[in-house]
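Notes for the structure review
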Amino acid sequence: MSQSKIKRIGILTGGGDCPGLNAVIRGVAKPAHDHGLSVLGILDGFEGLVEGKAIELYNRDVSGIIAKGGTILGSSNKGDPFHWPEEINGKIKIMDRSKDALKNYQAWDLDALVAIGGDGTMHIANYLSNMGMNIVGVPKTIDNDLEATDQTFGHDSAVFVVTEALDRLHTTASAHHRIMVCEVMGRYAGWIALNGGLAGGADIILIPEIPFDWNVIYDHVLRRNMKGKRFSIVCVAEGAKPKNGGLVTKGKDIKRTDPVQLGGIGEVVAKKISENTGLETRYTVLGHLQRGGSPTPYDRILSTKFGTNAIQLVIKRKFGRMVALKGSEIKSVRIVDAISHQKLVKPNDQGVLAASAVGVSFGTEKL
Ligand code: F6P
């Protein structure tokens, strides 16, 4: 690759959407235009890179979008160029279309690509970097499970939704003296359940990192009842599982890099509590409400900082790197290092300790 001045960049949003994507696009494109760069918006994540779908992004296109949820570019979690699902004779075959991705990158005359996404996107970005593309990554996901950054954008907005939901569940739970189980997203990480549960005053938080014991849960709600607290709120991560038990799943989608579709643990937990304690129990699955809508102020600010720092990395030709929040500063890390570990909740995380100190049960005797 030549060391000439950057003139034209591509930008894409990969994987599941989350609030703040548009704020990042704006944060990248506005300064890029000011530096005289042209910006190509690649549609539907890596799918657009493989299939050659893109639009020019002009300054007017990125005005007034900071508060908008979703992504003006569209996204997809089925467009992995290295794991491309193709229907042949009614059967799905997985193909490698990375050469098409590279061809389009070259045909569009791109000097660099800003890839906004989570763990999956950063894995793809790393492989594409190895093929010769100049890539800068921006870490997105409501799950907050990327090790290299203290926080991903989108997480705060999801936690906000969970908090509001728990506040609402509290009032109806206390009116009817019920146990309310709320299932939240997060895949194999418990950050949304932990942070949402803490902020929303959950009485029990169940996360994948701390397999739970059914009897501890029954005991906790019954004890609360005996103390006159005739309701309990359980915040359960979709990836939570009992000791010696497995994940609860809804199905498989082989078109995705990770085919497992999590979901259903909330219903299981509610049923077991009701059967084993005799207490009236209901469950709510928050689902994609956690990914939709406007980003919180925190996410708008973080996204803007991420976007504006990403374009600086591009201009300085610091490729193969991802912007990351370290303490209160935006730094950058090598993409290859960013994907080496998933960030999971440690049993001695300050959030877990704080929750335990105010009486929250994680469904286990000892932590
Ligand atoms: O990774 C973000 C996330 O929302 C997870 O928390 C959840 O398990 C998954 O995506 C849901 O994916 P989909 O939108 O494809 O159902």
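Description of the structure in this document. Position numbers for residues start from 1 in each chain and track the written sequence from start to end. Residues qualify for local features only when their pLDDT is at least 70, as the model is predicted, and side-chain atom pairs are given and counted only at 80 or more; totals for whole chains, interfaces and linings, by contrast, use all residues. Derived side-chain values reflect all non-hydrogen atoms in the structure, with water molecules and hydrogen atoms excluded from consideration.

We call two strands paired when DSSP finds no fewer than two bridges between them. Strands here are runs of E lasting at least two residues and helices are runs of H or I lasting at least four, both read from the DSSP assignment and numbered beginning at the N terminus. Alignment of strand β7 (residues 135-139) against strand β14 (residues 321-326), held across two bridges, turns out to be parallel. Across the sheet, Gly137 pairs through a bridge with Met322, a residue of β14. As judged from the six bridges shared by β14 and strand β15 (residues 329-334), these two strands associate in the antiparallel manner. In the sheet register, Arg321 faces β15, and the bridge partner there is Arg334. The antiparallel hairpin formed by β14 and β15 contains two residues in its connecting segment, where Gly327 sits at a positive phi of about 65°.

Neighbouring residues are identified by heavy atoms, a residue being near a molecule or strand if any of them is within 4 Å of it. Close contacts around the ligand come from Asn77, Ile142, Asp143, Met185, Gly186, Arg187, Glu238, Arg256, His288 and Arg291, and that covers them all. Two N or O atoms count as a polar contact when they lie within 3.5 Å, although within protein this holds only if one can serve as hydrogen donor and the other as acceptor, and sequence-adjacent residues are included solely when both atoms are side-chain atoms. Between the ligand and the protein, one listed contact pairs an oxygen atom with a side-chain N or O atom of Glu238 at 2.5 Å. Note that an oxygen atom of the ligand is positioned 2.8 Å from one of the side-chain N or O atoms of His288. For every accessible area listed, the method is Shrake-Rupley and the probe measures 1.4 Å; residues are considered covered only by the protein chains on display. Here the ligand has 400 Å² of accessible area as a free molecule, and 80% of this is covered by the chains. The way it works is a 1 Å grid over only the protein atoms, where trapped points that fit a 1.4 Å probe form a cavity and open points with protein on both sides within 12 Å along at least five of seven lines form a pocket, and then any residue with an atom within 4 Å of a point lines it. Any molecule with more than half of its atoms within 2 Å of a cavity's or pocket's grid points is counted as sitting in it. A molecule is said to occupy a pocket when more than half its atoms come within 2 Å of that pocket's grid points, and by this definition the ligand occupies the largest pocket. Just so you know the grouping, Ala, Val, Leu, Ile, Met, Phe, Trp, Tyr, Cys and Pro go in nonpolar, Asp, Glu, Lys and Arg go in charged, and all remaining residues, Gly too, go in polar. Along the lines of polarity and charge, the residues of the shell around the ligand split into two nonpolar, three polar and five charged. Residue ranges for the domains originate in an automatic or database domain assignment. Formed jointly, the shell around the ligand draws a minimum of three residues from each of two domains, domain 1 (8-153 + 295-327) and domain 2 (156-292 + 346-357).

This part covers the layout of surface pockets. Grid points are joined across faces, edges and corners, and a volume is the space filled by probe spheres set on the points. The calculated volume of the largest pocket comes to roughly 1,000 Å³. Considering the residues around the largest pocket, the lining is formed by 42 residues, among which Gly16, Asn77, Asp143, Arg187 and Arg256 are closest to the centre. Contributing elements (two or more residues each) for the lining of the largest pocket: α4 (119-130), β8 (179-184) and β12 (260-262). Examining the composition of the lining of the largest pocket, we find that six residues originate from one element, α4, more than from any other.

Moving on: α4. Taking 1.5 Å of rise per residue, the 12 residues of α4 would be expected to cover 16 Å, and the 17 Å separating its terminal C-alpha atoms lies within 8% of that figure. Buried, partly exposed and exposed residues are distinguished by accessible area as a fraction of the type maximum, computed with a 1.4 Å probe on protein chains only: under 20%, between the cut-offs, and over 50%, respectively. For α4, the complete set of buried residues consists of Thr121, Met122, Ile124, Ala125, Asn126 and Leu128. The inward-facing, buried residues of α4 abut α2 (46-51), α3 (98-107), β6 (112-117), β7, β14 and α10 (335-338). Positive backbone phi, approximately 115°, marks Gly132, located one or two places after α4. In this scheme, a helix's expected span is set at 1.5 Å multiplied by one less than its residue total. It only takes one pair of heavy atoms within 4.5 Å for two residues to be counted as in contact.

Any pair of Phe, Tyr and Trp rings, taking the six-membered ring for Trp, is counted once the centres come within 6.5 Å. Such a pair is stacked with planes under 30 degrees apart, edge-to-face with planes over 60 apart, and tilted for the rest. Inspection of every chain in the model, using the stated rule, returns four aromatic pairs. Arranged with centres 6.5 Å apart and planes meeting at 65°, the rings of Phe153 and Phe306 form a pair that is edge-to-face. Here the residue Phe153 occupies a position in the loop between β7 and α5 (155-176), and Phe306 occupies one in helix α9 (residues 297-315), the gap between them amounting to 153 residues. Accessibility classification places Phe153 together with Phe306 in one group, the buried group. An aromatic cluster is built from Phe212, Trp214 and Tyr218, whose rings are joined through pairwise contacts. By the criterion adopted, a ring carries a charge over it if an Arg CZ or a Lys NZ lies within 6 Å of its centre and within 35 degrees of its normal. The ring of Trp214 carries Lys272 above its face, with NZ or CZ at 5.0 Å from the centroid.

Before going further, it helps to spend a moment on the sheet that holds strand β13 (residues 281-285). The strand order β9-β10-β8-β13 describes an open sheet built from four strands, whose pairing is parallel. Across the chains shown, the open sheet's two edge strands, defined by having one partner strand only, are β9 (204-206) and β13. Ignoring which end each strand starts from, the neighbouring axes of this sheet average 15° apart. Where β8 lies against β13, five bridges are found, and the strand directions are parallel. Within β13, the residue paired with Cys182 across the bridge is Thr284. Note on method: axes are straight lines fitted to C-alpha atoms, helices fitted across the in-contact stretch only, with angles between N-to-C directions ranging 0 to 180 degrees. Across the sheet, helix α6 (residues 191-199) is in contact with β8, β9 and β10 (232-237); its angle to β9 comes to roughly 170°. On top of the sheet, helix α8 (residues 265-277) reaches β8, β9, β10 and β13; it is set at about 160° to β8, its chief contact.

Turning our attention to unusual backbone geometry. Backbone geometry at His177 places phi at a positive 55°, although glycine is not the residue there. Looking at where His177 falls in the secondary structure, it is placed in the loop between α5 and β8. Here His177 falls in the partly exposed class, since its relative accessible area comes to 37%. The phi torsion at Asn244 lies on the positive side, around 60°, for a residue other than glycine. Inspection of the secondary structure assignment puts Asn244 in the loop between β10 and β11 (249-252).

Here we come to α6. The set of residues buried in α6 consists of Trp191, Ile192, Ala193, Leu194, Gly196 and Gly197. Looking at the buried side of α6, the elements it contacts are α5, β8, β9, β10 and α11 (350-357). Looking one or two places after α6, you find Gly201, whose phi comes out positive at around 65°.

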